[in-house]
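# A look at the structure
Okay, here's what each chain looks like letter by letter:
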Amino acid sequence: MANSGKKKATIYDLSVLSGSSPSTVSAVLNGTWRKRRIKESTAELIRNLAETHQYTANRQARGLRSSRSGLVGLLLPVHDNRYFSSLAQTFEAHVRSKGQCPIVVSASRDPEEERRTAETLISYSIDELFICGATDPDGVHEVCEAAGLKHINIDLPGTKVPSVISDNFEGGRLLTEAIIRHFPADRPLRPTDLYLFGGRNDHASHERIRGFRAVKKAMLGDDPDECIQPTGYAANNARKAFEAFYARHGKLPRGLFVNSSINFEGLLRFMAEHPHDNFTDLVVGCYDYDPFASFLPFPVIMIRQNVEGMIAKAFEVIEQPRAAPRIYLVEPELVPPRTALTGPLDALKDIDLPRGKP
């Protein structure tokens, strides 16, 4: 007898336990496994596991899209920055313009939570799912495929269905070139004067780093490995990385490529703990857009990703029957600084700034 206190299993749980794909598990549980030539021994194993682990089929999801609910889902990694907030707002407006109802949820960059959240959305009979910035987009695909749900990736690509993403290589290249050109000709950057902080082991970071390194090598002649400082996407981790660099060198690099607004927040937290005149020769490039950063008292060059273009393209592609799993690139925009200063904070050197913490 199964323990009544156990949490009921999902298709994904049974997939892991049986070593079969979610679509195989689904075929066994809905009785279509013989048509797919699945072995009887596999079917028996899955049925036994389903009974042992209290699997209960969701009858709404088993309809396999036989009727439309008018609900369209967007799965985000987090809500805590302007980029994902803008994606959510643009998505909602687009869905409502089609007479449908948007559902926006996040999964905290947790692959298991992404799959469980997708299953929950499927239980509400959503018509389509837009998978944005998923840590494991192909894992979410398996859940959607098992339920016959139309889905597409945004921001980070998968390999099973189409993906609409920002052209991160081009954005990284544009931002790096703009940082280098912002310094005066009589005080140019050396290769070790320009560092990249932030990001992690994901497609977007890889492409931005690739653009960063290509431009550094072309314009500055060298590209030392030490100039890449991945910190993940957490403001406090970025702050600690800046603190560690400052402790080793007694200063920050003259040029900074900061790989998200979350990492940029970490930079500002670090700067708040040090005298302003420590940063009079600083130019920052941020791979994210926030209008307030344009007016900081040091140059902040930003990349604004084309959220409207990505959402519109994703809706166009998801309507195509059996679209191939290719990547669609949407070019981002370079946003120059709007501070009154035209270069590094040399103008502040002649101002009597208070010492210590601001």
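Residues numbered from 1 in each chain as written. Predicted model: local features only at pLDDT ≥ 70, side-chain atom pairs only at ≥ 80, totals over all residues. Heavy atoms only, no water.

## Some points on the sheet that holds strand β3 (residues 128-132)
Keep this limit in mind: A pair of strands is labelled paired if DSSP reports no fewer than 2 bridges between them. Only DSSP runs of H or I covering at least 4 residues are called helices, and only runs of E covering at least 2 are called strands; the numbering of each starts at the N terminus. All axes here are fitted lines through C-alpha atoms, helices being fitted over the stretch that makes contact, and every angle between N-to-C directions spans 0 to 180 degrees. Should any heavy atoms of two residues lie within 4.5 Å, those residues are counted as being in contact.
Pairing in this open sheet of six strands is parallel, and the strands run β2-β1-β3-β4-β5-β11 from one edge to the other. Only two strands of the sheet have a single partner each, and these edge strands are β2 (101-106) and β11 (327-330). Mean inter-strand twist for the sheet, computed between neighbouring axes without regard to direction, equals 20 degrees. Two strands pair when backbone bridges link them, and strand β1 (residues 71-76) and β2 are joined in this way by six bridges, in the parallel orientation. Opposite Gly73, over in β2, you have Ile103 as the bridge partner. Contacting β3, β4 (150-154), β5 (163-166) and β11, helix α11 (residues 307-318) runs over the sheet at an angle of about 150 degrees to β4.

## So, the sheet that holds strand β12 (residues 333-335)
Read from one edge to the other, the open sheet built from six strands follows the order β7-β6-β8-β9-β10-β12, with strand pairing classed as mixed. Edge strands, defined here as strands with exactly one partner in the open sheet, are β7 (228-229) and β12. Relative to strand β10 (residues 300-304), strand β9 (residues 283-286) runs parallel, the two being bridged by three bridges. Its bridge partner lying in β10, Val284 is registered against Val300. Packing of helix α7 (residues 168-182) onto the sheet brings it into contact with β6 (194-197), β8 (255-258), β9, β10 and β12, and relative to β10 it is tilted by some 165 degrees. Across the sheet, helix α9 (residues 235-249) is in contact with β6, β7 and β8; its angle to β6 comes to roughly 150 degrees.

## Examining the side chain of Ser20
Tracing the backbone shows Ser20 in the loop between α1 (11-18) and α2 (22-29). Setting aside anything within four residues of it in sequence, one finds Ser20 in contact with Ser15, Val25, Thr42 and Ile46.

## Let's talk about empty space enclosed by the protein
Inclusion rule: Here a cavity means grid points, on a 1 Å grid over the protein atoms only, where a 1.4 Å probe fits yet cannot get out; a pocket means an open set of points with protein on both sides within 12 Å along at least five of seven lines; lining residues are those with an atom within 4 Å of a point. Grid points are joined across faces, edges and corners, and a volume is the space filled by probe spheres set on the points.
One pass over the full model with this rule turns up one cavity of 30 Å³ or more. For the largest cavity, the calculated volume is near 170 Å³. Elements with a minimum of two residues in the lining of the largest cavity: α4 (82-97) and α8 (203-220).

## Here's the deal with the layout of surface pockets
Heads up, the condition is: Each residue is assigned to one of three groups, with Ala, Val, Leu, Ile, Met, Phe, Trp, Tyr, Cys and Pro labelled nonpolar, Asp, Glu, Lys and Arg labelled charged, and all others, Gly among them, labelled polar.
Of the pockets and cavities examined, the second largest pocket occupies roughly 420 Å³. Around the second largest pocket, the lining comprises 14 residues; the ones closest to its centre are Glu145, Lys150, Val161, Arg322 and Ala323. Split into classes, the residues belonging to the lining of the second largest pocket amount to seven nonpolar, four polar and three charged.

## Here we look at the packing of aromatic side chains
Cut-off, in case you're wondering: Ring pairs are drawn from Phe, Tyr and Trp, using the six-membered ring of Trp, whenever the two centres fall within 6.5 Å, and their geometry is named by plane angle: stacked under 30 degrees, edge-to-face over 60, tilted for the rest. Any Lys NZ or Arg CZ that is within 6 Å of a ring centre and within 35 degrees of that ring's normal is treated as a charge sitting over the ring.
Under the counting rule described, the total for this entry stands at 13 aromatic pairs. Among the aromatic residues, those joined into a ring-pair cluster are Tyr195, Phe197, Phe242, Phe245, Tyr246, Phe270 and Phe279. Above the ring of Phe169, the side-chain terminus of Arg210 is found at 4.1 Å from the ring centroid. In this structure, Arg304 packs its charged tip against the face of Tyr289, placed 4.4 Å from the ring centre.

## Focus on the pairing of β5
The condition is simple: Residue burial is assigned from relative accessible area. The probe radius is 1.4 Å, only protein chains are included, and a residue is buried under 20% of its type maximum, exposed over 50%, and partly exposed in between.
Of the two faces of β5, the one lined by Ser163 and Ile165 and the one lined by Val164 and Ser166 are each fully buried. Judged from the two bridges that link them, β4 and β5 form a sheet pairing that is parallel. Note that in β5 the partner of Ile154 across the bridge is Val164. In the sheet, β5 pairs with β11 via four bridges, with the strands oriented parallel. The residue of β11 that forms the bridge with Ser166 is Val330.

## Points about the pairing of β10
Within β10, four of the five residues are buried, which leaves the element mostly enclosed by the surrounding structure. Relative to β12, β10 runs antiparallel, the two being bridged by three bridges. Within β12, the residue paired with Met302 across the bridge is Val335.

## Side note on α1
Spacing of three or four residues puts side chains on the same side of an α-helix, whose turn is 3.6 residues. Most of α1 is tucked away, with six of its eight residues classed as buried. Three or more residues of α1 are buried, namely Ile11, Tyr12, Asp13, Leu14, Ser15 and Ser18. The inward-facing, buried residues of α1 abut α2, α3 (40-52) and α5 (111-123). Count one or two residues on from α1 and you reach Gly19, which has phi positive near 75 degrees.

## As for the packing of α1 against α3
Note the cut-off: Oblique is the label for any angle not under 35 degrees, not over 145, and not in the 65 to 115 range, which are roughly parallel, roughly antiparallel and roughly perpendicular in turn. It is the rotation of the near helix from the far one that decides the hand of a crossing: anticlockwise by less than a right angle makes it left-handed, clockwise makes it right-handed.
It is the contact of α1 with α3, at a shortest axis distance of 10 Å, that shows an interaxial angle of 125 degrees. It follows from the interaxial angle that α1 and α3 lie oblique. As for how α1 packs across α3, the hand of that crossing is right-handed. The segment α1 lies against α3, with Leu14, Leu17 and Ser18 engaging Leu45, Ile46, Leu49 and Ala50. Grouping the amino acids of the contact of α1 with α3 by side-chain chemistry returns six nonpolar, one polar and no charged.

## With respect to the pattern of salt bridges
The criterion, for reference: Counted as salt bridges are all cases of a side-chain nitrogen of Lys or Arg within 4 Å of a carboxyl oxygen of Asp or Glu.
Enumeration according to the criterion identifies 22 salt bridges in this entry. Between Asp290 and Arg82 there is a salt bridge; the shortest N-O distance is 3.6 Å. Of this pair, Asp290 sits in the loop between β9 and β10 while Arg82 sits in helix α4, placing them 208 residues apart in sequence. The exposure class of Arg82 is partly exposed, given its relative accessible area of 39%. Among the charged side chains, a salt-bridge network with shared partners connects Arg187, Arg190, Asp193, Arg254 and Asp281.

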